Amino acid sequence: MNALKILKEIQVINFLDNRGNLDVAEFQNIGKFQTKRMYYISSVPENDSRGAHAHKNLDQVFFAVSGKFNLTVTDGSNTDTVELKAHKLGYFLPAGHWRYLDNFTKDAVCIVLASEHYDENDYIRSYEEFLEWKKSG
Ligand code: T46
């Protein structure tokens, strides 16, 4: 499977006028996804990264609200990277995949919508454990 089949694209429509930008995304192709939580990531130092874990049950939607960064996902066999940019595509990432974010521009802000409340027990923070968990699943 290639990661672009794991990651579902979410179209963003940008309305720019002399009052500024308005961006909108309609969630049409991501099943029963409902947002229970949101968080955003900003001011990531150059050459630093975020994530590097998997979630057992958590689905998430990622957007760049400003700047740009890369999102890399893997199912343990296939890996792919997409670039998220302000006013461009967002991505839906279902549970059960390793992910990390890197190559943040200085002005990058990543907003994430999450299908569940925060639960540290949902995280797999070791890649070896993730591979074992995939095998056992
Ligand atoms: C993900 C990537 C892309 C909370 O208390 N509540 C929350 O909802 C979140 C998201 C985090 N936290 C606390 C837990 C840590 O003490 O915030 C601190 C930093 O979180 P973490 O180290 O998990 O940050 P990242 O960037 O590694 O991961 C985050 C999300 O946790 C994760 O779900 O997919 O961003």
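Residues numbered from 1 in each chain as written. Predicted model: local features only at pLDDT ≥ 70, side-chain atom pairs only at ≥ 80, totals over all residues. Heavy atoms only, no water.

Enquirer: Just to check I follow, could you spell out the nonpolar core for this structure?
Expert: It is characteristic of soluble globular proteins that their nonpolar side chains tend to be buried jointly. Counting 18 residues, the largest nonpolar core has Phe62, Phe69, Leu71, Leu84, Phe104 and Cys110 as its most contacted members. For this core, the elements supplying multiple residues, two or more each, are strand S6 (60-66), strand S7 (68-74), strand S8 (79-85), strand S9 (90-93) and strand S11 (109-114). Cys110 has contacts with Tyr39, Tyr40, Ile41, Phe62, Phe63, Phe69, Leu101 and Phe104, leaving out every residue within four places of it along the chain. (Core = buried A, V, L, I, M, F, W, Y, C linked by side-chain atoms within 4.5 Å. Buried < 20%, exposed > 50% of the residue type's maximum accessible area, 1.4 Å probe, protein only. Helix = DSSP H or I, 4+ residues; strand = E, 2+ residues; numbered from the N terminus. Contact = heavy atoms within 4.5 Å.)

Enquirer: Please explain the sheet that holds strand S10 (residues 98-102) as it appears in this structure.
Expert: The strand order S8-S7-S10-S5-S12 describes an open sheet built from five strands, whose pairing is antiparallel. The open sheet has two edge strands, S8 and strand S12 (123-124), and neither has a second partner. (Pairing = 2+ DSSP bridges.)

Enquirer: What is the right way to read the pairing of S10 from this model?
Expert: Strand residues, when the strand is regular, have side chains that alternate between the two faces of the sheet. Burial of S10 is extensive: four of the five residues sit out of reach of the surface. Sheet topology note: the strand S5 (residues 50-55)/S10 ladder contains four bridges and is antiparallel. Looking across to S10, one finds that Ala54 is bridged to Trp98. The pairing of S7 with S10 spans five bridges and is antiparallel. The residue bridging Leu71 from the neighbouring strand is Leu101, located in S10.

Enquirer: Can you help me understand unusual backbone geometry in this one?
Expert: Where the residue is not glycine, phi is negative for most of them; where a peptide bond is considered, it is trans in most cases. You will see that Ser43, though not glycine, has its phi angle at about 55°, which is positive. Inspection of the secondary structure puts Ser43 in the loop between strand S4 (37-42) and S5. On the basis of relative accessible area, Ser43 is assigned to the exposed category, the value being 61%. Despite not being glycine, His87 shows a phi value in the positive range, around 75°. One can find His87 in the loop between S8 and S9. Taking the relative accessible area as the measure of exposure, His87 reaches 30% and is therefore partly exposed.

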